[in-house]
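Each chain, letter by letter, is given below.
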Amino acid sequence: MTYVPGVTPGKWIHRWEERMRQVPLIAHPVSEARQLDAVRAGEADLAFVRLPVEPAGLNVIPLYTELSVVVAPKDHPIAAFEELPVEELADEYLLADPDDYPAWRDISSEIIAGTRKPLPPMGSVEEALDLVEAGLGILILPMSVARHFNRKALRARVVTGIPDSAIGLAWLRSDTPLPDDFDTVIEEFIGVVRGRSANSSRQPSVQAKQDAAPKKGAKGGAGGKGAKGAASSRAGGAKTKGGTNLRGGGRPGGKARSQRRGR
């Protein structure tokens with residue numbers, strides 16, 4: 001499994017080890033620029049990715065969203081606010097492709113005037129933050145990424161009017177049938193990430209235990225309690241074609257008993 005900056009998989013790994021110790025889970029950090037490389041190469045089964053991604057050949061599900069923040073030097077005017085609208089950044093130089101932030105692009109003073117300068121070379125978030133620290137512009141990042149690369153010389157503030165950033169889970173789509181246990185493991189992990197408890201009936205591991213457990217009313221022979229249960233079942237069957245009565249809680253003769261009680 002791989003994950004991009006800002007994703008902190010530790011709690012999910014811990015829960016996984018508690019529930020599925022027999023299936024080892026190994027996590028490796030990767031840059032956002034290479035977030036799908038390991039999955040597409042078959043070197044990882046799953047990837048936490050920052051959406052959107054090119055979905056060709058992949059199964060991709062969204063997991064959660066997070067706020068965006070603007071990052072600037074600590075003496076920048078944004079430091080006086082807890083959050084600010086994107087309109088307050090109209091006169092700033094954004095160290096990113098304007099098309100990635102249409103809400104800012106459409107109000108940018110430099111873009112409107114046609115005076116925006118080309119972006120300087122930046123190969124990573126760290127390099128972009130170096131330029132912010134040098135006072136060459138501002139940066140808009142997901143909140144978790146800004147925290148991950150936190151620097152004492154910089155300040156980050158929530159910016160409104162910018163779409164939230166989304167994290168998803170991706171894995172390869174196969175044209176050939178996969179082992180049943182692979183799909184089960186994927187579904188189990190999705191449940192862990194989405195916060196389902198270890199006893200949730202939506203978890204495959206719980207469903208498997210329920211399927212394997214003896215069914216209620218399965219015991220009993222031709223006499224004693226078994227005969228009584230069979231008679232009750234026939235009584236219920238006279239009222240319904242299906243035999244099992246959901247309103248009666250799935251017990252043989254549940255509906256018949258309810259009617260006798262005046263329900």
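Since the model is a prediction, treat every value here as computed from it, not as a measurement. (Residues numbered from 1 in each chain as written. Predicted model: local features only at pLDDT ≥ 70, side-chain atom pairs only at ≥ 80, totals over all residues. Heavy atoms only, no water.)

### Regarding the overall build of the protein
For the record, the criterion: Each helix corresponds to a stretch of at least 4 residues labelled H or I by DSSP, and each strand to a stretch of at least 2 residues labelled E; elements are numbered beginning at the N terminus. The classification of residues rests on relative accessible area computed with a 1.4 Å probe and restricted to protein chains. Under 20% of the type maximum is buried, over 50% is exposed, and intermediate values are partly exposed. Residue contacts are counted whenever heavy atoms from the two residues lie within 4.5 Å of one another. Accessible surface is estimated by sampling points in the Shrake-Rupley manner with a 1.4 Å probe; for residues, cover comes only from the protein chains shown.
Secondary structure assignment for the protein yields 10 helices and 9 strands. Across the 263 residues of the protein, 37% fall into the buried class. A fraction of 65% describes how many contacts in the protein between residues 6 or more apart in sequence connect residues 24 or more apart. When the accessible area of the protein is evaluated, it comes to approximately 16200 Å², of which 52% is carbon and sulfur surface.

### Details of the nonpolar core
Most often, soluble globular proteins have nonpolar side chains that are buried together. To keep things clear, this is the line we draw: To define a nonpolar core, start from buried Ala, Val, Leu, Ile, Met, Phe, Trp, Tyr and Cys residues and group those joined through side-chain atoms within 4.5 Å.
Met1, Val7, Leu46, Phe48, Leu169 and Phe189 are the most contacted members of the largest nonpolar core, which totals 21 residues. Looking at this core, the elements with two or more residues in it are α1 (10-19), β4 (58-66), β9 (165-172) and α7 (180-193). Broken down by element, the residue count for this core peaks at 5 residues, all from α7. Not counting residues up to four positions away in its chain, the partners in contact with Leu46 are Met1, Thr2, Val39, Leu169, Ala170, Trp171, Ile186 and Phe189.

### Details of helix α5 (residues 125-133)
Applicable threshold: For this quantity, the arc is that covered by the directions from the helix axis to the C-beta atoms.
Every buried residue belonging to α5 is among Ala128, Leu129, Leu131 and Val132, and all of these are buried. Buried residues along α5 cover an arc of 155° about the axis, so they all sit on one side. Here the buried face of α5 lies against β5 (68-73), β7 (139-142) and β8 (154-160). Count one or two residues on from α5 and you reach Gly135, which has phi positive near 80°.

### Focus on the sheet that holds strand β1 (residues 2-3)
Remark on secondary structure: sheet strands pair via backbone hydrogen bonds, oriented parallel or antiparallel. Put simply, the test is: Here a strand pair is declared whenever DSSP counts at least two bridges between the two strands.
Spatially, 5 strands are ordered β2-β1-β3-β9-β4 in an open sheet, and the strand pairing comes out mixed. Strand pairing shows two members of the sheet lacking a second neighbour, β2 (28-29) and β4, which therefore form its edges. Relative to β2, β1 is paired through 2 bridges, and the arrangement is parallel. In the strand pairing of β2, Tyr3 is matched with Pro29.

### Focus on the packing of aromatic side chains
To describe a pair of aromatic rings, you give the distance between the ring centres and the angle between the ring planes. Defined as follows: Pairing of aromatic rings covers Phe, Tyr and Trp, the last through its six-membered ring, and needs centres within 6.5 Å; plane angles under 30 degrees mean stacked, over 60 mean edge-to-face, and all others mean tilted. Criterion for a charge above a ring: Arg CZ or Lys NZ at most 6 Å from the ring centre, at most 35 degrees from the ring normal.
If you walk through the whole model with that rule in mind, you get 4 aromatic pairs. When the ring of Trp16 is compared with that of Phe189, the centres are 5.7 Å apart and the planes differ by 70°; the resulting orientation is edge-to-face. With a gap of 173 residues between them, Trp16 in helix α1 and Phe189 in helix α7 connect regions that are remote in the sequence. In this pair, the class of Trp16 matches that of Phe189, namely buried. Each residue in the set Trp12, Trp16, Phe48, Tyr64 and Phe189 is aromatic and connected to the rest through ring pairs, giving one cluster. Here the guanidinium or amino end of Arg116 rests over the ring plane of Tyr93, the centre of that ring lying 4.5 Å away.

### Some thoughts on the side chain of Thr2
Relative to the helices and strands, Thr2 is located in strand β1. Setting aside chain neighbours within four positions, we find Thr2 in contact with His28, Val30, Gln35, Ala38, Ala44, Leu46, Ala47 and Phe48.

### Side note on the confidence of the model for the protein
Formally: Every residue carries a pLDDT, the predictor's confidence in it, which falls somewhere between 0 and 100.
Averaged over every residue, the pLDDT of the protein is 81; the share at 70 or more is 73%. Below pLDDT 50 for its whole length, residues 220-263 participates in 23 contacts with residues either more than four positions away or in separate chains.

### Comments concerning the sheet that holds strand β6 (residues 83-85)
Worth spelling out the cut-off: Note on geometry: axes are lines fitted to C-alpha atoms, helical ones only across the stretch in contact, with angles between N-to-C directions running from 0 to 180 degrees.
The 4 strands lie next to each other as β6-β8-β5-β7, forming an open sheet whose pairing is mixed. The sheet terminates laterally at β6 and β7, the two strands that pair on one side only. Across this sheet, the average inter-strand angle for adjacent strands is 40°, counted without regard to direction. Lying on the sheet, α5 is in contact with β5, β7 and β8; it crosses β7 at an angle near 140°.

### Details of α1
Each α-helix winds once per 3.6 residues, and so residues spaced three or four apart point in a common direction. Within α1, the full set of buried residues consists of Trp12, Ile13 and Trp16. The arc that holds the buried residues of α1, viewed along the axis, is 100°, so those residues lie on one side.

### Comments concerning the pattern of salt bridges
In plain terms, the rule: We count a salt bridge whenever a side-chain nitrogen from Lys or Arg sits within 4 Å of a carboxyl oxygen from Asp or Glu.
Taken as a whole and judged by the stated rule, the model has 7 salt bridges. Residue Glu32 pairs with Arg50 through a salt bridge whose shortest N-O separation is 4.0 Å. Taken together, the positions of Glu32 in the loop between β2 and α2 (37-40) and Arg50 in strand β3 (residues 47-51) put the pair 18 residues apart, joining distant regions of the chain. Accessibility expressed as a relative area gives 4% for Arg50, which makes it buried. Close ionic contact of Arg151 with Glu133 constitutes a salt bridge, the shortest N to O distance being 2.9 Å. Placement of Arg151 in the loop between α6 (143-148) and β8 and of Glu133 in helix α5 is noted, with a sequence separation of 18 residues between them. A network of salt bridges, in which partner residues are shared, links Glu32, Arg50 and Glu66.

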